[in-house]
Amino acid sequence: MRRRRSQDANETLVEFLTRELPSRRRDDVEHFARAIRDAGDRYDRYDERRADWEKYSRRRARLRKLEELTADLASALCSLDILSHDDLVSRVGPEKTDYLTGLLQLLNQHAGALERETQVRGKPTDHATERWILALADIFENAFSRPPSVSGSGEDPSGRRGRFYRLLELGRPSRFPRHGRLSPKHVQTLLKLRSPSGSFEDLGQLSREIARGAKTRLARMRS
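Below or above, wherever it landed, is the structure these notes cover. Everything numeric in this text was worked out from a predicted model, so none of it was measured.

Cut-offs and rules
Residues numbered from 1 in each chain as written. Predicted model: local features only at pLDDT ≥ 70, side-chain atom pairs only at ≥ 80, totals over all residues. Heavy atoms only, no water. Core = buried A, V, L, I, M, F, W, Y, C linked by side-chain atoms within 4.5 Å. Buried < 20%, exposed > 50% of the residue type's maximum accessible area, 1.4 Å probe, protein only. Helix = DSSP H or I, 4+ residues; strand = E, 2+ residues; numbered from the N terminus. Contact = heavy atoms within 4.5 Å. Phe/Tyr/Trp six-rings, centres within 6.5 Å; stacked < 30°, edge-to-face > 60°. Salt bridge = Lys/Arg side-chain N within 4 Å of Asp/Glu carboxyl O.

So, on to the nonpolar core. Core analysis: the largest hydrophobic core is formed by 32 residues, its most contacted members being Leu17, Trp132 and Phe164. Of all the secondary structure elements, the ones that give two or more residues to this core are helix H1 (2-20), helix H2 (29-48), helix H7 (127-144), helix H8 (163-170) and helix H9 (184-193). Take this core: its biggest share by element is 10 residues, from H7. Here Phe164 is in contact with Ile133, Leu136, Ala137, Phe140, Pro148, Ser149, Val150, Val187 and Leu191, once residues within four sequence places are set aside.

Right, here's the structure in full:
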């Protein structure tokens, strides 16, 4: 029954995209439908393991431990005596050794940032739902070439809440409640706080910065 319901929902989603997308994007209907299904699958994975991340004190403790371990390991690599360092480099390779040090420092930096950004008190944030909504917001903006928005209130018929809200309704993950959790006010708040996600170009730039840093440190060690 669930499989049939999911199939019907997907067909309705495809029909919606075929009807509503700009004419120049009609050939990309299946691409956008697949992206929406993938976002739903991520929600399902997060929701299935909700108990693993919902207690934010545990998340902060794990991130703090990762920050400490990466700092210790990076420090241990950098503090080797010259003989041990050269022996290790001769086996692993200078580029890999220095690149690993850079990656450990990067992990340390971002683990610390994530730990500081993780919730400290209050009712646990429903990250599974929020990330799903924001993922669909990115897909919507890419598909329709304009930022997503939601109009109306919880008392208005869903048809008056705009295309993006309709997309959320049609793209609900299989584990998402059939009712509730899609408060227009909550969606509007998320959209106001939304910031562009990192692109593949951003990731490539980050990788190049790490490589440049590794070369600089390697040059200093050889001098």
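Here we take up unusual backbone geometry. One non-glycine residue, Ser145, lies in the positive phi region at around 60°. Topologically, Ser145 is positioned in the loop between H7 and H8. Classification of Ser145 as partly exposed rests on a relative accessible area of 45%.

This paragraph deals with the packing of aromatic side chains. Applying the stated rule across the entire model yields 5 aromatic pairs. The interplanar angle of 50° and the centroid separation of 5.3 Å between the aromatic rings of Tyr43 and Phe176 together place this pair among those described as tilted. With Tyr43 in helix H2 and Phe176 in the loop between H8 and H9, this pair connects stretches of sequence that are 133 residues apart. Each of the two residues, Tyr43 as well as Phe176, counts as buried. Ring centres 5.0 Å apart and planes at 40° place the aromatic pair Trp132 and Phe176 in the tilted group. Of the two residues, Trp132 sits in helix H7 while Phe176 sits in the loop between H8 and H9, which places them 44 residues apart along the sequence. The same class applies to Trp132 as to Phe176, namely buried. Taken together, the ring pairs in this structure connect Tyr43, Trp132 and Phe176 into an aromatic cluster.

The next subject is the pattern of salt bridges. Applying the stated criterion across every chain yields a total of 15 salt bridges. Of the charged contacts, one joins Asp52 and Arg49 as a salt bridge, the two residues approaching to 3.3 Å between their closest N and O atoms. The exposure class of Asp52 is partly exposed, given its relative accessible area of 33%. Among the residues examined, Arg49 registers a relative accessible area of 54% and is labelled exposed.

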